Amino acid sequence: MELNLLSRSSIADDAVLSVRAGTVRRQAQISSGRPFRFPKISMEENPLKIDILKQVGTAYLVMKPGEEQYKVMFSGEAAGAEIEVELKKAGNAPAAKEEASDDKKMEASASAKDAKDYLENHQVLQFVQAVLQTVIKEKPENPYEYMARHFMNGYAAPQTPASPKKAPKEEAPK
């Protein structure tokens, strides 16, 4: 089954459209123009649940080998909001596999060019390469702490993770 958005009214371009068919959910920015594909769902699957979502914050979590606990700080309307999370491998869960369609390949190519331009304009590649070169040359005992110091303009990171058992737990909105 495939769902295509034909028109919209009074919905911001940055809104996210979320479509659920049975237990499968697909989400995309409403202005993307991409179809929502549900390959294993038939046209008889009823009802479809459609939500309009508003992004209030964004954060990226870069995972380090051997680490399980992270502090995540958000930007956007949620600037100042932060969470602490713990990541663990999920038992014997099989690795997810997705086949790339031609649309995804073209989009990935355009995204790669945009990413390359961004990295070059902000000299991110040069900085990261220089940091990695110093790690290789110096071989510090804790390479992540060493790199973090460079990212913090030479200052040591002042915070340490909270204990998982002491982290405040807030109820998720219902």
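In what follows, the accompanying structure is described. (Residues numbered from 1 in each chain as written. Predicted model: local features only at pLDDT ≥ 70, side-chain atom pairs only at ≥ 80, totals over all residues. Heavy atoms only, no water.)

The terminal C-alpha atoms of helix H2 (residues 124-138) lie 21 Å apart, and with 15 residues this matches the ideal 21 Å at 1.5 Å per residue to within 8%. One or two steps after H2, the chain reaches lysine 139, where phi turns positive at roughly 50 degrees. (Helix = DSSP H or I, 4+ residues; strand = E, 2+ residues; numbered from the N terminus. Expected span 1.5 Å × (residues − 1).)

Across the sheet, which stays open at both edges, the three strands sit in the order S3-S2-S5 with antiparallel pairing between neighbours. One side of each edge strand has no neighbouring strand; the edge strands of this open sheet are strand S3 (24-29) and strand S5 (48-53). Here the average twist between neighbouring strands, direction ignored, is 15 degrees. As judged from the six bridges shared by strand S2 (residues 16-21) and S3, these two strands associate in the antiparallel manner. Residue arginine 20 lies in a different strand from S3, and its bridge partner there is arginine 25. (Pairing = 2+ DSSP bridges. Axes fitted to C-alpha atoms, helices over the stretch in contact; angles between N-to-C directions.)

This paragraph deals with the pattern of salt bridges. Oppositely charged side chains can pair when the atoms bearing their charge come close. Applying the stated criterion across every chain yields a total of eight salt bridges. Its salt-bridge partner being aspartate 51, residue arginine 25 comes within 3.7 Å of it at the nearest N-O pair. Separated by 26 residues along the polypeptide, arginine 25 in strand S3 and aspartate 51 in strand S5 bring together distant segments of the chain. Its relative accessible area of 39% is what places arginine 25 among the partly exposed residues. (Salt bridge = Lys/Arg side-chain N within 4 Å of Asp/Glu carboxyl O. Buried < 20%, exposed > 50% of the residue type's maximum accessible area, 1.4 Å probe, protein only.)

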